[in-house]
Each structure stands twice: as C-alpha cells, then as structure tokens.
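# Tertiary structure, described
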2 protein chains.
Amino acid sequence: MGHGAGGEMMQELISKHIAPFLPDIDAEVPLRSFDDSAIIDGVVFTTDAHTVKPLFFPGGDIGSLSVCGTINDISVMGACPIAMSCAMVLEEGLEIDTLERVMQSIGQYSELSGIPVVTGDTKVVESGAVDQMIVVTSALGKECPYLQKNFEIASQSRKVANRWLTDDNVGDGDAIIVSGTLGDHGIALLSFREGYGFESAIKSDVAPLHRLIGSILELGGVTSMKDMTRGGMANTLNEWSSKSRVGMEIEELSIPIHPAVASACELLGLDPLTIGNEGKIAIACVPEMAEDIVRLMRISPLAKNAAIIGRASKKFDRVVMKTEVGGRRIIDPPVGDPVPRIC
Amino acid sequence: MGHGAGGEMMQELISKHIAPFLPDIDAEVPLRSFDDSAIIDGVVFTTDAHTVKPLFFPGGDIGSLSVCGTINDISVMGACPIAMSCAMVLEEGLEIDTLERVMQSIGQYSELSGIPVVTGDTKVVESGAVDQMIVVTSALGKECPYLQKNFEIASQSRKVANRWLTDDNVGDGDAIIVSGTLGDHGIALLSFREGYGFESAIKSDVAPLHRLIGSILELGGVTSMKDMTRGGMANTLNEWSSKSRVGMEIEELSIPIHPAVASACELLGLDPLTIGNEGKIAIACVPEMAEDIVRLMRISPLAKNAAIIGRASKKFDRVVMKTEVGGRRIIDPPVGDPVPRIC
C-alpha cells in the first residue's frame with residue numbers, strides 16, 4: 001500500500017517499474033519531467049485515477065474530487081482547462097442512487113467550473129472486482145492568456161527560463177506561497193472514515209482553482225505552481241527542490257494549519273505537511289511580487305489563509321524548516337502513505 | 001452486469017443515469033453525440049477503462065488492449081492520435097513481474113504505433129478493492145491531413161455534410177465495409193478464460209489501426225468510420241442507423257467470420273455479430289470508392305479479410321440482414337453483455 005502514496009515508495013514504483021518501459025519523446029513537457037500535466041503540441045494533458053473511500057465525505061465526494069483534481073493539475077501548469085473525460089468502473093450491484101449522486105456532483109462541479117465533460121466510458125464488473133466505483137478523469141487545456149505577461153513581470157526580477165510553470169522553474173530567492181491551511185482533505189476524510197470525530201470541525205478543501213490561478217497569473221511574477229495532493233506540502237517542496245536544484249527554507253510558524261488538523265495530527269502521530277490536499281496550491285514567485293500575490297489570493301474564499309511560508313535558497317540543498325522553537329528540521333517527502341485512499 | 005455491455009442496457013445506464021447530469025456544450029463533436037471520441041477546439045479526445053480478465057490472453061493483454069483501443073477511437077474520427085495518458089489502479093500484492101509485463105506491452109505498442117504515453121497516474125488500493133489491475137487510457141488527436149481530401153472525393157458522389165467521420169454521417173446508398181473477421185477478440189478471450197479450447201485456432205485481433213485508417217483516408221471517399229468494440233458489429237450498425245437515420249441492408253454471406261469463431265458461437269449459443277473486436281473497424285463510404293478501399297485494405301495484414309458487407313438504404317428503417325437461406329432477419333443491438341470483461 002505504501003506504493004500508492006505520493007512519497008518515495010510511489011516514486012520508486014513509477015521510476016523503476018513503470019516509466020522505464022515507456023518510450024518518451026521531446027514534448028514541451030514530457031512524461032519524464034513528472035509534472036502535474038504533460039504538454040504536447042500546445043495541448044496540456046493530464047489524468048487522475050480516483051479510488052477514494054468512502055465515496056461521500058465531509059466537504060465532497062468522488063465526483064467533486066475527480067473534477068477538481070483534474071482541473072487543478074491542468075491549471076497549475078499555467079493553462080486553462082477546456083474539457084474533461086470521465087471513465088468509470090462500477091461494481092455490479094452498486095445502487096443507481098449512489099451512481100446518480102456521484103454524477104450529480106460531477107455535473108455540478110463541471111457547471112460551476114465551466115469545464116464540460118465531453119467524453120467518457122463506463123464499465124461494469126462483477127461484485128467484488130472493484131470496491132463500489134473508480135472514477136478516472138483526464139483533461140485538456142490550452143495556454144492561459146496571461147501566462148506570457150506573468151513571465152514578463154517575473155523577468156523584471158530575474159532571468160526566467162521556462163514557457164510553462166514547470167517544477168524545474170523555481171529560482172534562488174523565489175518566495176514560496178501556499179494557498180491555505182494544509183491537510184484538511186486528508187484529515188477530514190480519515191477522521192470521517194475511522195469515526196475519530198474531527199470532521200465536525202474540518203471539511204475537505206476540494207475545490208476547482210482555475211479561476212483563482214488565472215487571477216494570480218494576471219497579476220504576474222509566478223515562476224512555478226503545484227497542486228499539493230498526495231504527499232502534501234512535504235512532497236511538493238521536495239519535488240521542486242530536486243527538479244529545480246535549489247534548497248528551500250521554510251518557517252514553521254508561517255505555515256497555515258487548521259487547529260483541528262493540528263490536534264488530529266498530534267493525536268494520530270501524523271505530520272500535516274505530508275497529508276494530501278485537494279484544493280490547495282503552492283506557488284513559487286519572484287520575491288518582489290509575493291506580497292501582492294498573497295494579498296490578491298486572500299480576497300478569494302478559496303485562499304483566504306494564503307501565506308508566504310519561506311523561500312528557495314541555494315544556501316541549502318534540501319528542504320529545511322525553521323521550527324517554532326528556533327531549531328532546524330529537514331523536511332523529507334513521506335516514505336509510505338500516511339493516509340491511504342484519500343483520493 | 002448487463003449494464004456493462006455495449007448494447008441496449010448500457011445505453012440505458014448512460015442515457016438515464018449518467019449523461020443527464022452532465023452539462024453539455026456545443027463542441028465540434030460533443031458528449032451527447034456519443035461518438036468514439038469528442039472533438040473540442042480542434043482537439044480529438046477519448047477515454048477508455050480496461051477491466052479485461054484475465055490480464056494476459058491469446059494475442060494480447062490489458063496493455064496492448066489499452067493502447068490500441070484508445071488509438072483506434074481517435075483514428076476512426078478522421079484524426080491522428082498524438083499522445084496518450086495512462087492511469088492505473090493496482091491491487092496491493094500484485095506481482096511486480098505482472099505489472100512490468102503489462103508496462104512492457106504498453107511500451108511496445110506505444111513504440112510500434114509511434115504514440116507516446118505522456119502523462120499518467122498510479123493508485124494502489126488494498127487487496128480485494130480491485131481485481132489485480134485496471135488500466136484507463138485517454139488520448140489526444142488532431143485532424144488527419146488527408147481528411148479534407150477524403151471528403152472532397154466523397155463529395156463527387158453525393159453531398160457530404162460533416163467535417164469529421166461521425167456516426168451521423170452515413171448517407172443513403174453508402175457501402176458498408178468491415179475490415180476483417182468478426183468476434184475474434186471476444187471469443188479468443190472467453191474460450192481461454194473458460195478453457196473451451198477454441199483459442200488454439202483464434203487469437204485476439206487487438207491492433208493499432210491508425211496507419212491503415214490514414215491510408216484509407218488518403219484514398220478517399222469515406223463518410224463515417226467506427227471501432228467495432230463492445231456490442232460488436234450489431235451495435236455499430238445500429239448506432240449508425242439510428243444516428244444517421246438510415247436503414248442498413250447486410251448480406252450474411254459476405255460477412256467475414258473465422259470458422260473457429262463460427263463453431264464456438266454455435267456451440268455456446270452466441271451471435272458473432274454481437275461479440276466485441278479490438279482491431280476491426282466498420283467503414284461507410286460512397287459506393288464508387290468501396291471496391292478501391294477494400295482492395296487497398298486487403299494489402300494490409302490488419303485487414304486482409306476486409307469485405308463489403310452491405311449498404312445503407314432508406315428503403316429500411318432498421319438493420320436488416322439477408323440470410324444465407326434467402327430470408328431476412330433484423331439485427332438488433334445486443335441487450336446485455338454476451339461476453340463480460342473482454343475489454
């Protein structure tokens with residue numbers, strides 16, 4: 001099960017047993033870059049398999065998760081999602097009412113986000129061959145109209161190499177912003193599933209962030225952006241650090257965490273920085289724009305707790321956190337999966 | 001389980017409990033047209049969930065099936081596939097060797113077809129939550145460079161309305177061609193799974209048909225094209241008939257069927273016309289081009305048994321087959337799934 005996490009075991013599974021068998025090509029953003037989406041012939045393309053358990057949880061369900069996760073993966077590349085596909089594998093005997101509730105959620109989030117589901121596939125397998133249902137969404141996107149202006153503004157501060165907001169594009173000195181409290185989705189889901197009771201105070205943060213991201217790019221100065229799903233912030237920062245070959249210096253006190261998530265994590269022995277989110281992004285931007293970007297983000301209900309949590313720094317070759325008590329702690333990506341089947 | 005078939009129960013599941021919840025848009029080929037792929041902003045887009053059991057079967061495996069099925073769905077629209085995504089859900093405890101054999105197959109077919117896998121997702125679920133593995137592939141395509149020339153040639157015979165090879169584009173008098181023997185995939189798989197022994201004589205026909213389709217379009221005169229997967233030829237012809245509002249007149253004697261498939265179907269009480277294929281297309285074309293197209297197809301090892309099997313005709317409002325003995329039989333789409341989990 002550890003292989004299913006966003007952390008090191010998953011990286012190993014993919015890098016040793018999956019990716020080496022696939023011939024890669026020189027796409028604008030190819031498979032081997034392991035970004036949130038690939039980009040080929042100007043089309044941004046991503047896919048996500050959703051196996052969340054239970055199907056319905058505080059703040060969302062497998063339908064909203066599928067729509068939002070895919071939209072966010074496209075958007076963090078600096079692209080506008082234009083269409084989704086939806087493939088479902090259903091267990092024989094699944095209540096039609098359950099299916100319809102999921103479809104209603106997919107429809108509502110598609111409507112809300114303005115991104116249509118244009119194609120799909122449905123398979124029914126015998127009872128026991130799948131746990132209720134699996135939803136796999138893919139999406140297409142095209143370059144966000146503000147992306148080049150965004151890079152021009154970033155270029156006033158430093159030379160910015162890339163055409164897209166890829167993981168290898170963080171530069172020394174870039175500010176690191178997160179869009180809100182961390183771990184809400186994973187802890188709400190775990191707590192609800194296991195009956196711990198924290199879910200009365202915490203809901204999943206599942207949300208489509210493409211409009212928020214569009215407004216941030218219109219302001220400008222962003223160099224990279226990531227969707228902090230599996231493996232949480234710890235995984236995100238480590239991917240940036242290794243792909244951009246730059247260390248990160250994070251301030252523990254500046255990291256927004258909901259008090260109930262903090263309590264739950266303390267009680268359960270979990271690290272909120274490794275817990276998956278479904279409506280939270282991390283942004284790297286030139287330092288001159290960081291304050292303006294956070295101010296803009298806080299206007300949105302989807303990012304009202306946005307905060308600058310640190311900076312990229314060549315002084316370090318790892319992700320390092322200044323702790324509350326003044327010490328330093330290295331933030332590694334999670335090894336296994338602290339909370340399985342949350343997405 | 002019947003809902004999982006390509007036939008009427010599946011149509012009902014989709015049209016009553018899935019599609020009505022999804023807001024649709026005026027894409028070039030939208031969701032509501034239920035074509036093999038959707039087309040939006042000039043991008044052809046499709047998705048397929050693969051739940052085949054067993055994972056490895058005579059002539060193929062879940063890997064080759066996933067690659068070819070998706071490539072073919074793009075190609076029959078009159079498009080060239082440019083990239084695929086691959087999302088997998090793996091059961092905890094699945095042998096790494098099994099995973100690697102599937103990946104090797106995906107890699108080989110990707111290499112063979114020249115279509116790269118550019119993005120993916122992998123989830124691991126606990127033992128029992130999925131039967132070994134599910135593979136969901138999506139793909140992108142762009143208009144085939146020969147498509148407009150193809151339509152120009154068709155237009156010399158009759159007014160051809162559409163820009164793509166959609167299901168609603170078959171005209172009165174169009175010739176109907178199938179690319180080879182029907183039912184090989186479904187019968188090979190069923191026979192192997194159940195130990196009937198026919199699989200010594202029959203293999204799955206799984207194959208990527210994009211190059212064959214490209215050469216046919218270069219010749220020209222095609223009005224519509226379909227991938228004869230779930231529900232087989234019976235489903236394909238009925239979809240054409242209802243969407244193009246034209247009857248079909250088919251000659252039983254002209255339908256290519258492998259003798260072992262015919263024997264197996266007789267013994268098992270199955271109709272080969274309703275059995276799924278994974279490397280067979282149906283083509284509607286202007287009658288003037290039909291002989292040339294079949295002659296060209298027969299040069300390819302993937303279509304050496306290509307045959308004209310009948311014509312579209314306003315004289316009928318159903319799919320009607322002239323039987324071997326001179327009678328007439330109505331071909332309905334299959335109601336349930338004659339052979340479950342073949343794709």
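Structure first, text after, so check above.
Being a predicted model, the structure only gives us computed values, none of them experimental.

### Notes on the relation of the copies chain A and chain B
- Expressed as a screw transformation, the operator carrying chain A onto chain B has a rotation angle of 180 degrees and an axial translation of 0.0 Å, and the superposed copies differ by an RMSD of 0.0 Å. The superposition of one copy onto the other is thereby described by a two-fold rotation axis. Of every C-alpha in chain A, the one belonging to A:Val130 sits nearest the axis of rotation, 2.1 Å from it.
- Interface residue correspondence from chain A to chain B reaches 100%, placing this contact among same-surface, isologous pairings.

### Looking at the interface of chain A and chain B
- Every contact between the two is made by 69 residues of chain A and, on the other side, 70 residues of chain B.
- Buried surface at the junction of chain A and chain B, summed over both partners, amounts to about 6000 Å²; 70% is from carbon and sulfur atoms.
- Counting the contacts that link chain A with chain B gives six salt bridges.
- Residue B:Arg230 pairs with A:Asp121 through a salt bridge whose shortest N-O separation is 2.9 Å.
- Where chain A touches chain B, the interface holds 19 residue pairs in polar contact (both at pLDDT 80 or more).
- For the side of chain A that touches chain B, the secondary-structure elements that each account for two or more residues are helix 1 (8-18), strand 1 (38-40), strand 2 (43-50), strand 5 (79-91), helix 3 (96-113), strand 6 (117-125) and strand 7 (133-143) of chain A.

### Description of the packing of helix 5 (residues 184-194) of chain A against helix 8 (residues 259-268) of chain A
Residues and elements named next belong to chain A.
- Contact geometry of helix 5 with helix 8 gives a least axis separation of 10 Å together with a crossing angle of 60 degrees. Taken as axis vectors, helix 5 and helix 8 run oblique relative to one another. In this structure, helix 5 meets helix 8 at a crossing whose hand is left-handed. Contacts between helix 5 and helix 8 involve Asp 184, Ile 187 and Leu 190 from the former and Val 261, Ala 264, Cys 265 and Leu 268 from the latter.
- In terms of residue class, the contact of helix 5 with helix 8 is made up of six nonpolar, no polar and one charged.

### Details of the side chain of A:Lys226
Residue and element names in this part refer to chain A.
- Here Lys 226 lies in strand 9 (residues 222-227).
- There is a polar contact of 3.0 Å between the side chain of Lys 226 and the side chain of Asp 167.
- Polar contacts involving the side chain of Lys 226 include one to the side chain of Glu 239, which spans 3.3 Å.
- Look past the residues within four positions of Lys 226 in its chain and what remains in contact with it is Asp 36, Val 76, Asp 167, Thr 236, Glu 239, Trp 240, Lys 280, Ile 281 and Ala 282.

### Let's talk about the pairing of strand 6 (residues 117-125) of chain B
Residue and element names in this part refer to chain B.
- Burial within strand 6 is extensive, with eight of its nine residues counted as buried.
- Where strand 5 (residues 79-91) lies against strand 6, eight bridges are found, and the strand directions are parallel. Bridge pairing in strand 6 places Leu 90 opposite Val 124.
- A crossover links strand 5 with its parallel partner strand 6, the connecting element being helix 3 (residues 96-113), and its sense is right-handed.

### Some remarks on the sheet that holds strand 9 of chain A
Residue and element names in this part refer to chain A.
- In spatial order, the strands read 9-11-8-12-10-13-14; together these seven strands make up an open sheet with mixed pairing. This sheet does not close on itself; its edge strands, each paired only once, are strand 9 and strand 14 (328-330). The mean angle between the axes of side-by-side strands here comes to 25 degrees, regardless of whether they run parallel or antiparallel.
- Across four bridges, the pairing between strand 10 (residues 247-251) and strand 13 (residues 319-322) is parallel. Of the residues in strand 13, the one forming a bridge with Ile 250 is Met 321.

### Considering the sheet that holds strand 12 (residues 307-313) of chain B
Residue and element names in this part refer to chain B.
- A sheet is described by the order of its strands in space; here seven strands give the open sequence 9-11-8-12-10-13-14, paired in mixed fashion. Strands with a single pairing partner mark the edges of an open sheet, and in this sheet they are strand 9 (222-227) and strand 14 (328-330). Across this sheet, the average inter-strand angle for adjacent strands is 25 degrees, counted without regard to direction.
- Two elements, strand 13 (residues 319-322) and strand 14, share three bridges in a ladder whose sense is antiparallel. Bridge assignment links Lys 322 to a residue of strand 14, and that residue is Arg 328.
- Of the strands in this sheet, strand 9 and strand 11 (281-285) are in contact with helix 6 (residues 210-219), which crosses strand 9 at around 170 degrees.

### Some points on the pairing of strand 12 (residues 307-313) of chain A
Residues and elements named next belong to chain A.
- Taken across its seven residues, strand 12 has five buried, putting it largely inside the fold.
- In this sheet, strand 12 lies alongside strand 8 (residues 175-178) in antiparallel orientation, the contact comprising four bridges. In the strand pairing of strand 12, Ile 176 is matched with Gly 310.
- By the bridge criterion, four bridges tie strand 10 to strand 12 in an arrangement that is antiparallel.

### Digging into the packing of aromatic side chains
- Here the structure, examined in full by the defined rule, presents one aromatic pair over all chains.
- Between A:Phe45 and B:Phe45, the aromatic rings sit 6.3 Å apart at their centres with planes inclined by 80 degrees, giving edge-to-face as the arrangement. Highlighted residues: A:Phe45 in strand 2 and B:Phe45 in strand 2 (residues 43-50), drawn from two different chains. Each of the two residues, A:Phe45 as well as B:Phe45, counts as buried.
- Here the guanidinium or amino end of B:Arg101 rests over the ring plane of B:Phe56, the centre of that ring lying 3.7 Å away.

### A few points about helix 5 (residues 184-194) of chain B
Residue and element names in this part refer to chain B.
- For helix 5, the tally of buried residues reaches eight of 11 residues, placing the bulk of the element in the interior.
- All buried positions along helix 5 are accounted for by Asp 184, His 185, Gly 186, Ile 187, Ala 188, Leu 189, Leu 190 and Ser 191.
- On its buried face, helix 5 is in contact with strand 3 (56-57), helix 2 (62-75) and helix 8 (259-268).
- Directly after helix 5, the chain includes Gly 195, whose backbone phi takes a positive value near 75 degrees.

### Some thoughts on the pattern of salt bridges
- In the structure shown here, the tally under the stated rule is 52 salt bridges over all chains.
- One salt bridge in this structure joins A:Asp167 and A:Lys226, with 3.0 Å as the shortest N-O distance. Remark: A:Lys226 occurs in strand 9 and A:Asp167 occurs in the loop between helix 4 (147-155) and strand 8; sequence separation between them is 59 residues. A:Lys226 matches A:Asp167 in its accessibility class, with the two residues each being buried.
- Two residues, B:Asp292 and B:Arg295, come together in a salt bridge whose shortest N-O distance is 3.1 Å. Of this pair, B:Asp292 and B:Arg295 are both found in helix 9 (residues 287-299), three residues apart, which corresponds to roughly one turn of the helix.
- For B:Arg295, a relative accessible area of 52% gives the class exposed.

### Regarding the environment of A:Ile275
Residue and element names in this part refer to chain A.
- Structurally, Ile 275 is set in the loop between helix 8 and strand 11 (281-285).
- The buried category is assigned to Ile 275, whose relative accessible area is 1%.
- Linking Ile 275 and Gly 186, residues 89 residues apart in sequence, is a C-alpha distance of 5.7 Å.
- With residues near it in sequence (within four places) discarded, Ile 275 still touches Gly 183, Gly 186, Ile 187, Thr 229, Gly 232, Cys 265, Leu 270, Pro 338 and Val 339.

Cut-offs used in this document
- Residues numbered from 1 in each chain as written.
- Chains lettered and ligands numbered in written order.
- Predicted model: local features only at pLDDT ≥ 70, side-chain atom pairs only at ≥ 80, totals over all residues.
- Heavy atoms only, no water.
- Least-squares fit on C-alpha atoms with pLDDT ≥ 70 in both.
- Contact = heavy atoms within 4.5 Å.
- Buried area = accessible area lost by both parts, 1.4 Å probe.
- Salt bridge = Lys/Arg side-chain N within 4 Å of Asp/Glu carboxyl O.
- Polar contact = N/O pair within 3.5 Å; in protein donor to acceptor, adjacent residues only side chain to side chain.
- Helix = DSSP H or I, 4+ residues; strand = E, 2+ residues; numbered from the N terminus.
- Axes fitted to C-alpha atoms, helices over the stretch in contact; angles between N-to-C directions.
- Parallel < 35°, antiparallel > 145°, perpendicular 65-115°, else oblique.
- Left-handed = near helix turned anticlockwise from the far one by under 90°.
- Nonpolar A, V, L, I, M, F, W, Y, C, P; charged D, E, K, R; others polar.
- Buried < 20%, exposed > 50% of the residue type's maximum accessible area, 1.4 Å probe, protein only.
- Pairing = 2+ DSSP bridges.
- Right-handed = clockwise from strand over helix to strand, strands pointing away.
- Phe/Tyr/Trp six-rings, centres within 6.5 Å; stacked < 30°, edge-to-face > 60°.
- Lys NZ or Arg CZ within 6 Å of the ring centre and 35° of its normal.

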